[in-house]
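Take a look at the letters that make up each chain.
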Amino acid sequence: MVAPWLIVIASLMYVGLLFAIAWWGDRRAEQGRSVIRNPMVYTLSIAVYCTSWTFYGAVGTAARKGPEFLTIYLGPTLMFLAWWFVLRKIVRITRTHRVTSIADFISSRYGKSPRLSGLVTVIAMVGTMPYIALQLKAVATSYTALVGFHAIVGAPSPPPAAVPADTAFWVAVAMAVFAILFGTRHIDASEHHEGVVAAIAFESLVKLLAFLAVGLFVVFIMHDGFADLFALAAERVPDAAQLYALSGATATDRWVTMLLLAMVAVICLPRQFQVTAVENVDERHVSTAAWAFPLYLAVISLFVLPIAVAGLIHLPSGAEADSFVLTVPLSQGNQVLALIAFLGGLSSATGMVIVAAISLSIMISNDLVMPLLLRLKWLRLTSRGDLTGLLLFIRRASIVALLLMGYGYYRATGGTGALASIGLISFSATAQLAPAMLGGLFWKNATRAGAHAGLLAGFAMWAYTLVLPSMASADWIGPEVVQAGPWGIALLRPEALFGLEGLDPLAHALFWSWLFNIGAFVGVSVFGKQGPLERVQATVFVDIFRRRDTATPHMWRRAATVKDLYALTQRFLGHTVAYRLFRQHAKRMGARSIRSLTDADPALVTAVEQELAGSIGAASARVMVASVAKGDMVSLNEVLKILEETSQVIEYSQRLEQKSRELERTTAELREANRRLQELDRLKDEFLSTVSHELRTPLTSIRSFSEILTDNPDLTREEVERFLGIIMRESERLTRLIDQLLDLARLQAGHGDWNMAPVSVREALEHACGVVNALYTERRIGLSLEIKGDTEVAPVHADRDRLTQVFVNLLSNAAKYAPPQSGQVAVKAECGRDDWRVSVADNGPGIPPDRREQVFDRFVQVPEAEGGRPGGGTGLGLAISRQIIEHFGGHIWVEASPQGGALFRLILPRSGMEPRQSEPGQAAQ
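Predicted, not measured: the structure shown is a model, and the values here were computed from it.

This part takes up the confidence of the model for the chain. For the chain, the mean per-residue pLDDT works out to 78, and 76% of the residues sit at or above 70. Mean pLDDT values for the elements of the chain range from 54 in helix H8 (residues 149–152) up to 94 in helix H14 (residues 285–300). Scored below 50 in pLDDT, residues 631–636 shows 16 contacts in the model against residues more than four places distant or in partner chains. Note that residues 915–925 has pLDDT below 50 and, in this model, 29 contacts with residues that lie over four places away or in other chains.

Pasting the structure below:
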């Protein structure tokens, strides 16, 4: 056991640290250096989902029902991984419309109905009370386990102590103080509770590290790893196999039910909506949380089952499973680790209660108390002075009342019941908000009457099928109501309603509550009719990502007076906020001061309503603005017409933008085509010039030497033979040029005979090397050939003669420009998985970078004066080579050789392979 004074001191120090972090976070925010503008802090704040239920209760569930505990982790994981777009939509709507709570969110969607927001608030309050009681029970139970371990192991939990000595009471007081100090410091909802969020993020880190510490101790200190732990469990734990598999007739029903509840709870619980949507400062953080929060859940769930197994092994039969996180370390005498685990459980409980109290206090103030006060005409709120103090008092009183009611629920139930069962009551209550909330996000025809009917029907069925049996089990009512049904009517039995038997009680309750909820919601919406403002809000919510101006359209035909609006804003938001809002509007209007403004335009009226909505709720803000605005309100039918016209204009504008982009692309394509035509025309001229030059040279030589032979009949036999030899060589050159021209023309026209078949690259290269060696014997060029890879089973699909022609052209070009006597030509070929890569390098003068592409495309000479290859042009052989290689599905290019000359590279796909796009520089070296 741990000394009580040590637990108290450690708890006070920890709570003091939380106060310090919250104070530091608020100070940083005031200095403009926000600590919550970080996606990881945002993610950790969402981890307030992991309450004492997940810290203590998950282990208890694992010990009693095996893998059922996974549902509370898998549900949020599925929501964040698969439905992240829903979260993003909720966040966008919340930030755009200055939504303050989930009640405000649902109310705004259905025409800003005060009655609907009040109903949502009541459901949220009733559903949260058991959850708050769960946290208080967890703290009290864990304290009792630490101070009296030997007395309670294997024994039933003692009843709660008297109020002055009850740990849960003082924990509730500390939580109330914290929530009041850091959750109700201001009214304006545009200001986030940065101190609270920072403290909650820190608590999420603490509970994660504490749980991991216990898990590592159990697995690697108490045992020799997971295998040793589970092997020992198979020997000592009766029915150990049930810990790893679902068992029982209703196990699957319950598992699926809990999974669905966890999925909707992570967005419908008031505290989760608060941290996920209201406290979000950057919509982009949602994309990080979509993977980081599931990762957090995966890590914290890693040791749940090992701790449960260790508790069943080392603790007596009948020991409280919900306390295994504490009692397992205590059983080994490790009091320090037990104290750390206690602080982790304290973090889990306090984080949930604080955020829930803040979010519910806002809902109570905005959606219950303020609408009620506005109905009391004798209070004359619109004519009173500064009302910020009244609003703060309402919220602070709400926090105190909430925690007292939660503590009262805990005392009334006697602290009995497993943590998981208490949590599931809250989950199933808040699940009734899901149809109206999610349906309103995607279904424009959902009506306020449908949402109202669905919530009432679902909440009533929840209370009848789940709460009523729990009251009977707590001996608040007689068990005959559950066993025989009201008035003895068997069809009305709460756990077998209308004869539906065989389901788990939780699955049974969720089935009937959602059936009535969704049925009423859809049925009333389909057969009912939306009001004008409902249609406006439906379009705004559903099309939040399609509309540029996502705010509600201006609803005032003529402006109200600036004086009245300013006075109204100052009463509820204070002088500072009112002055800033109106001063900004004056600057936009070009006015020198607020006093120079007389009538407020619709934009200012809407801005004031949105600002008030962030403080007193959308429904109350609408009522307050309507009470002081002197201008005529546009009829809602006109608003709808404006909205529809605006939507049509936006849609038409989007179409115009799309057509404009298409026109720009078409214009760019036409410009590119025109540029290519001009380039082709220039290439044609260059080609004709080159061709005429290439043909003129041998013709001139033939003509000149023919004239010499004709005009000089007295030439010697040796001279005649020499001149005839020159004429023959020039004739052969002329013949080759004509053949190349015809070949190139056929290739470019897509004609020509192609004898396509598998060809050995090795054989083609060896043959080409033999031809070039014979042609350039007198130049004494060093020609080397290196081939890598399996050359026998890796042919290319090509024309053997044309491929050899390409290799001969490349080798001849290299040998021609390599220096005589010292020239080097290196040929390398490598067979890859998909292609052959061949390179031909020489140590000649090389080709300038700006002329390398021309050797294939432009057929122009590279003059020696420009640093190119000496001795004439490139001819037509390289152009033909490119045409041939591209026909084979390959690619050829030239670059600088490491030896200083030119390096030609080509890639050919292997036989049976699809041609692959390759970039220059990927061929064999």
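Having seen it, we continue.
Right, let's get into helix H11 (residues 226–236). Since the α-helix packs 3.6 residues into each turn, any two residues three or four apart lie on the same face. Within H11 the residues assigned to the buried category are Leu229, Leu232 and Ala233. Projected down its long axis, H11 shows its buried positions confined to an angular sector of 105°, all on one face. Turned more than 90 degrees away from the buried face of H11 sit Ala227, Ala234 and Glu235, all of them exposed. The elements touched by buried residues of H11 are helix H10 (194–221) and helix H15 (304–314).

The end-to-end C-alpha distance of helix H1 (residues 4–30), which contains 27 residues, comes to 39 Å, matching closely the 39 Å that a straight helix rising 1.5 Å per residue would cover. Within H1 the residues assigned to the buried category are Ile7, Ala10, Ser11, Tyr14, Leu18, Ile21, Ala22, Gly25 and Asp26. One or two positions beyond H1, positive phi appears at glycine 32, with a value near 80°.

On to the pairing of strand E6 (residues 891–896). One ladder, built from 6 bridges, connects E6 with strand E7 (residues 902–909); its direction is antiparallel. Along E7, the bridge assignment pairs isoleucine 892 with leucine 906. Connecting E6 to the next strand, E7, in antiparallel fashion are 5 residues, including glycine 900 with a positive phi near 100°.

To continue, consider the sheet that holds E6. Spatial strand order, E2-E4-E5-E7-E6: 5 strands in an open sheet with mixed pairing. Sheet topology places strand E2 (782–788) and E6 at the edges, where each strand pairs with a single neighbour. If you compare each strand with its neighbour and ignore which way they point, the axes differ by 15° on average. Here strand E5 (residues 835–842) runs beside E7; their pairing, made up of 7 bridges, is antiparallel. Each bridged residue has a counterpart across the sheet, and for valine 838 the counterpart in E7 is leucine 906. Set on the sheet, helix H31 (residues 761–775) makes contact with E2, strand E4 (824–831) and E5; between it and E2 the angle comes to about 180°.

What counts as what
- Along each chain, the written sequence defines residue order, and numbers are assigned to residues from 1.
- Where totals are concerned, whole chains, interfaces and linings use all residues; where local detail is concerned, this predicted model gives features only for residues with pLDDT of at least 70, and gives and counts side-chain atom pairs only at 80 or more.
- Heavy atoms from the whole structure form the basis of all side-chain values; hydrogens and water molecules are not counted.
- Think of pLDDT as the predictor's per-residue confidence, scored from 0 to 100.
- Helix and strand assignments come from DSSP, with helices taken as H or I runs of at least 4 residues and strands as E runs of at least 2, each series counted from the N terminus.
- Between two residues, a contact is recorded if the distance between any of their heavy atoms is within 4.5 Å.
- Each residue is placed in one exposure class: buried if its accessible area under a 1.4 Å probe, protein chains only, is under 20% of its type's maximum, exposed if it is over 50%, and partly exposed if it falls in between.
- Along the arc lie the directions from the helix axis toward the C-beta atoms.
- Given a helix with a known number of residues, its expected span is that number minus one, times 1.5 Å.
- Two strands are said to pair when DSSP picks up at least two bridges between them.
- Convention adopted: a line fitted to C-alpha atoms gives each axis, helices being fitted over their contacting stretch, and angles between N-to-C directions are expressed from 0 to 180 degrees.

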